[in-house]
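Fold and contact review
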Amino acid sequence: MNERPEPIEFGELDILYRDENYIAINKPSGLLVHRSFLDKHETQFAMQMLRDQIGQHVFPVHRLDRPTSGVLLFALSSEAARDINQLFIDNQISKRYLALVRGFAPESVFLDKPLKEELDKIADKFADQNKAAQEAQTQFNCLHQASLAIPIGKYPTVRYSLVECFPKTGRKHQIRRHLKHLSLPIIGDVNHGDNQHNQFFREHFALRRLMLFATELNFVHPYTQQSINIKAPLGEAMLAICQQLGWPNTEKDY
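Along each chain, residue indices are assigned from 1 in the same order as the chain's sequence is written. Whole-chain, interface and lining totals are the exception, using all residues; otherwise, since this is a predicted model, local features are given only for residues with pLDDT of at least 70 and side-chain atom pairs are given and counted only at 80 or more. Side-chain measures here rest on the full set of heavy atoms in the structure, leaving out hydrogens and waters.

By the naming in an unreviewed UniProt entry, the protein goes by tRNA pseudouridine synthase C and is assigned to Pseudoalteromonas haloplanktis. Under Function (unreviewed entry), UniProt gives the following word-for-word description of the protein: "Responsible for synthesis of pseudouridine from uracil-65 in transfer RNAs." UniProt positions are given in the numbering used here, feature names are shortened, and annotations may be inferred rather than shown by experiment.

Here it is, written out as structure tokens:
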């Protein structure tokens with residue numbers, strides 16, 4: 001089973017931040033960042049949509065997985081892209097994610113677990129299949145827990161947690177794989193998750209997406225030296241689920 005969602009027609013992108021050098025959007029779940037020969041059937045991409053929306057070229061400086069929503073930053077010139085890329089290389093950019101996971105997460109845990117690169121059978125056909133695992137570190141903090149008296153499998157209840165995630169490195173699918181290692185798979189993750197709970201969520205909450213949200217991006221602007229904090233909302237659908245789980249249901253609480 002792959003992560004290809006049902007066809008969606010995306011409207012105008014929500015711009016979260018803009019200055020003369022950079023622009024950030026709230027990327028919807030299901031939208032690819034840019035064109036890929038692996039998704040030839042797709043017609044909408046964040047990079048091209050934003051270019052057409054603002055009437056000028058944009059330069060990607062990082063990426064979000066297709067099913068992940070939230071803050072996605074672009075540069076407005078190749079020079080600005082080069083300078084912000086250096087901040088990413090130097091780990092001078094802080095990212096915050098929220099993940100809805102199966103199980104009760106610990107209050108706080110720092111996971112330092114190297115990850116072998118996940119290679120695509122087609123795109124990475126000629127890549128080194130024996131490349132050593134790369135350093136990968138993530139800080140996790142549990143914000144909320146919930147238990148519902150609904151049996152799944154051998155358990156009489158279902159348990160969920162909302163986890164705050166701060167990746168210190170940027171490996172492919174790092175947050176998903178680290179949470180799986182902690183036996184806290186993200187709801188809606190069809191590659192690293194729990195299919196029983198994914199199905200339960202579709203049936204009981206009518207939401208078909210990866211429950212991973214890139215909520216904040218923080219950095220010191222390379223030109224103005226100002227501290228920049230860009231936030232993306234969780235959205236009404238996620239807030240409605242939070243309410244059903246007994247958690248706060250307003251954006252300011254997250």
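After that view of the structure, there is still more to cover.
Under the DSSP-based scheme used, a helix requires at least four consecutive residues in state H or I and a strand at least two consecutive residues in state E, with every element numbered from the N terminus. An expected span of 1.5 Å times one less than the residue number is assigned to each helix. The first and last C-alpha atoms of helix 2 (residues 78–89) sit 16 Å apart over 12 residues, in line with the 16 Å expected at 1.5 Å per residue. Remark: exposure states derive from per-residue accessible area (1.4 Å probe, protein chains only) relative to the maximum for the residue type, with buried under 20%, exposed over 50%, and partly exposed in between. Listed as buried for helix 2 are Ala80, Ala81, Ile84, Leu87 and Phe88. The buried residues of helix 2 occupy an angular sector of 115° when the element is viewed end-on, so they sit on one face. Along helix 2, exposed side chains directed more than 90 degrees from the buried face belong to Arg82 and Ile89. Contacts: residue pairs with any heavy atoms within 4.5 Å of one another. Looking at the packing, one finds that the buried side of helix 2 touches strand 2 (22–27), strand 3 (59–60), strand 4 (69–75), strand 5 (94–102) and strand 9 (212–220). This arc corresponds to the set of directions leading from the helix axis out to the C-beta atoms.

Each aromatic pair joins two rings of Phe, Tyr and Trp (for Trp, the six-membered one) with centres within 6.5 Å, and gets the label stacked for planes under 30 degrees apart, edge-to-face for over 60, and tilted for any other angle. Counted under the stated rule, the structure contains 6 aromatic pairs. Judged by centre distance (6.4 Å) and plane angle (15°), the rings of Tyr22 and Tyr223 are stacked. Of the two residues, Tyr22 is situated in strand 2 and Tyr223 in the loop between strand 9 and strand 10 (227–231); the sequence distance between them amounts to 201 residues. Judged by its relative accessible area of 0%, Tyr22 is buried. Ring plane angle 80° and centroid distance 5.5 Å describe the contact between Tyr160 and Phe201, whose orientation is recorded as edge-to-face.

Right, let's get into the pairing of strand 10. Only one face of strand 10 is buried: it carries Ile228 and Ile230, and the other face, with Ser227, Asn229 and Lys231, is open. Paired strands, in this sense, are two strands between which DSSP finds at least two bridges. Pairing analysis gives 5 bridges linking strand 9 to strand 10, with the strands arranged antiparallel. Following the sheet pairing, Glu216 is matched in strand 10 by Lys231. Linking strand 9 to strand 10, which pair antiparallel, is a turn of 6 residues; within it Gln225 sits at a positive phi near 65°.

On to the nonpolar core, then. Joining through side-chain atoms within 4.5 Å is the link that ties buried Ala, Val, Leu, Ile, Met, Phe, Trp, Tyr and Cys residues into a set, and such a set is a nonpolar core. If you look at the biggest cluster of nonpolar residues, it comprises 54 residues, and the most contacted ones within it are Phe74, Leu100, Leu179, Ile186, Phe201, Met211 and Leu245. Apart from residues no more than four positions distant in its own chain, Leu100 is found in contact with Tyr160, Ser161, Leu162, Pro185, Ile186, Ile187, Phe201, Met211, Met238, Ile241, Leu245 and Trp247. Listed in part, the 18 residues of the second largest apolar core include Tyr17, Ala80, Ala81 and Phe88.

When a carboxyl oxygen of Asp or Glu lies within 4 Å of a side-chain nitrogen of Lys or Arg, that pair is called a salt bridge. In the structure shown here, the tally under the stated rule is 9 salt bridges. Among the ionic contacts, a cluster of salt bridges with common partners joins Arg63, Asp65, Arg176 and Asp189.

This paragraph deals with helix 5 (residues 236–244). The set of residues buried in helix 5 consists of Met238, Leu239, Ile241 and Cys242. Taken end-on, helix 5 shows its buried residues confined to a sector of 155°, consistent with a single buried face. Among the structural elements, strand 5, strand 8 (158–167), helix 4 (195–205) and strand 9 are those in contact with the buried residues of helix 5. Count one or two residues on from helix 5 and you reach Gly246, which has phi positive near 85°.

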